[in-house]
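Spelled out, the chains give:
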Amino acid sequence: RTMADHELHDELFDRLPVKTLVIASLLALTVWETYLDVRQYRCLLHEGVPAALKGMVSSEAFSKSRAYGLDRKRFGFAKTAFVTLQTLLFLQFDVLGWFWMKAGEVLETQQALVTPSEFTQTLLFLALVQVVEEIIGLPWSLWHTFVVEERHGFNKQTMATFILDMVKTWALLLVLAPPVIYGLLWVSAGTDAYFVLQIYLFVLGLSLFFMTVYPTLIAPLFNKFEPLPEGPLRSQIEALAGSLEFPLTKLYVVDGSTRSAHSNAYMYGFFKNKRIVLYDTLIEQSGEDQEAIVAVLGHELGHWKLNHTLVLFVTMQVLIFTQFALYGMIRHSPALFAAFGFPCCPTIIGLVLFSYLSSPVDHVIRFGQNYVSRRFEYAADHFAAELELSDALKRGLVRLQEANLAVTPVDPWFSAYHHSHPTLPERLAALDAIGSKTK
């Protein structure tokens, strides 16, 4: 961009009370989302099984789900209040700016060991912030895992496993962060004419890299993945994949039960190398009704067959490119950096500040993404119904919701804003409507 462009943006940030606007937007979003949480909390206070769920779930499952939902909401209220206060204090008193300056001072006193540079200062800054965030967030993680999840029978972690996972996570950060930060700074050092394209391609390559190595190299550090044993379930899944020409190369079971009783299933892989992973808890909870598992996978394969994953990926790339284009307009603004207590213009800090500015728009975009996602979920359910898996899918959905204690009434505003999936009654009603049309 031209010097005149930078001067124009700098003049704009000089005139606007940027920090005040960011704080105001943070408070407005917090109030709005807390209001929605209160609406949902009031829904959970009703003890009787709502009409939309009668006949679908047992009163015992509903009661347990309601208790779990209330506990999670109370925990969420407390954590939201704390995190909001922490963020406001960090913003108001330029805490991150202080960390950045301290990182620079430390490097100046240790020049015999390490050369001060934006790269080394960024690494030290991120390490300091991460340590502080870890210390502040640890009590919340412990309470959620060993109190909330434990109380409702989900937590299967021991304290030793919890600590070991933290150590592994820190080890991965120490190995992966330096090359990622170095690459980010290298592409950012190029001319403005090619900056947006360079940083977009770098992030795209990084995303594809981690999408490849995470399931094969990183996830196995935390869980054990074993081939699904030969038997009726494996045969049915392979037959379904074959009938849809889905290039299934691996079919795994993951020991999710070592950490949680929650259940799930997912797919990953590129092109002709697709893999399916089932949680052992899902298989256990389904009992002898293996057709329900096949039906749930039929729904997931519907997303693949209908190109939902590809559409969402392309849409996300357009959004990311647009965000970098907007970031490129403000990344050299001394007034913006000074408003939050930073010198001009470290790359990582510029990205942090841009995230502050774009947060309200990000929430609106996420609302739109959730709406599209819910449309896709209905379409994938319809796909499974066309495979004559409607009844099995309904059983599978109910069982999954019961096992995860999620059969609760849902406030429509809360659902519209937060949920990427339709509610259980909505999905069952849609499947029933499909069944009625085909009769």
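Here, the structure is the one placed above.
First, a word on what this report is: a plain description of the structure on this page.

Rules used throughout
- Residues numbered from 1 in each chain as written.
- Predicted model: local features only at pLDDT ≥ 70, side-chain atom pairs only at ≥ 80, totals over all residues.
- Heavy atoms only, no water.
- Pairing = 2+ DSSP bridges.
- Helix = DSSP H or I, 4+ residues; strand = E, 2+ residues; numbered from the N terminus.
- Expected span 1.5 Å × (residues − 1).
- Bend = angle between axes of the 7 residues up to and from the residue.
- Disulfide = S-S within 2.5 Å.
- Buried < 20%, exposed > 50% of the residue type's maximum accessible area, 1.4 Å probe, protein only.
- Axes fitted to C-alpha atoms, helices over the stretch in contact; angles between N-to-C directions.
- Parallel < 35°, antiparallel > 145°, perpendicular 65-115°, else oblique.
- Left-handed = near helix turned anticlockwise from the far one by under 90°.
- Contact = heavy atoms within 4.5 Å.
- Nonpolar A, V, L, I, M, F, W, Y, C, P; charged D, E, K, R; others polar.
- 1 Å grid on protein atoms, 1.4 Å probe; cavity = no way out; pocket = protein on both sides within 12 Å on 5 of 7 lines; lining within 4 Å.
- Points joined across faces, edges and corners; volume = space filled by probe spheres on them.

Strand direction decides the pairing type here: strand β1 (residues 225–227) and strand β2 (residues 248–254), joined by 3 bridges, are antiparallel. Bridged to P227 within β2 is Y252. In this sheet, strand β4 (residues 273–279) lies alongside β2 in parallel orientation, the contact comprising 6 bridges. By the bridge assignment, L248 is partnered in β4 with K274.

This part covers helix α13 (residues 347–386). Here α13 is 40 residues long, yet its end C-alpha atoms lie only 51 Å apart, well below the 58 Å a rise of 1.5 Å per residue gives. Taken as a whole, α13 carries its principal kink of about 55° at S358; the proline P360 stands between one and four residues after it. In the segment just after α13, E388 is the residue with positive phi, at about 65°.

In this structure the tally under the stated criterion is 1 disulfide. Through a disulfide, C344 is tied to C345; the S-S separation comes to 1.3 Å. C344 sits in the partly exposed class, given a relative accessible area of 42%. For C345, a relative accessible area of 22% gives the class partly exposed.

Packing of helix α10 (residues 290–305) against α13 leaves a shortest axis separation of 8 Å and a crossing angle of 120°. Between α10 and α13, the angle falls in the class oblique. With respect to the hand of their crossing, α10 and α13 are arranged in right-handed fashion. Facing α10, whose interface residues are A295, G298, H299, L301, G302, H303 and K305, α13 presents F376, E377, A380, D381, F383 and A384. Grouping the constituent residues of the contact of α10 with α13 by class yields 6 nonpolar, 4 polar and 3 charged.

All right, on to the layout of surface pockets then. Of the voids in this model, the second largest pocket is the one considered here, and its volume is about 1,100 Å³. Of all the secondary structure elements, the ones that give two or more residues to the lining of the second largest pocket are α7 (192–218), β3 (265–270), α10, α11 (308–330) and α13. Per-class residue counts for the lining of the second largest pocket are 17 nonpolar, 7 polar and 5 charged.

Once that is clear, we can look at unusual backbone geometry. At the junction of C344 and C345, the peptide bond is cis and its omega measures out at 0° in the coordinates. If you trace the backbone, C345 turns up in the loop between α12 (334–339) and α13. In this structure, D94 takes a positive phi of about 50° despite not being glycine. With respect to the helices and strands, the residue D94 is situated in the loop between α3 (59–92) and α4 (95–109). Residue D94 is classed as partly exposed on the basis of its relative accessible area of 24%. One non-glycine residue, E388, adopts positive backbone phi at about 65°. Given a relative accessible area of 72%, E388 falls into the exposed group.

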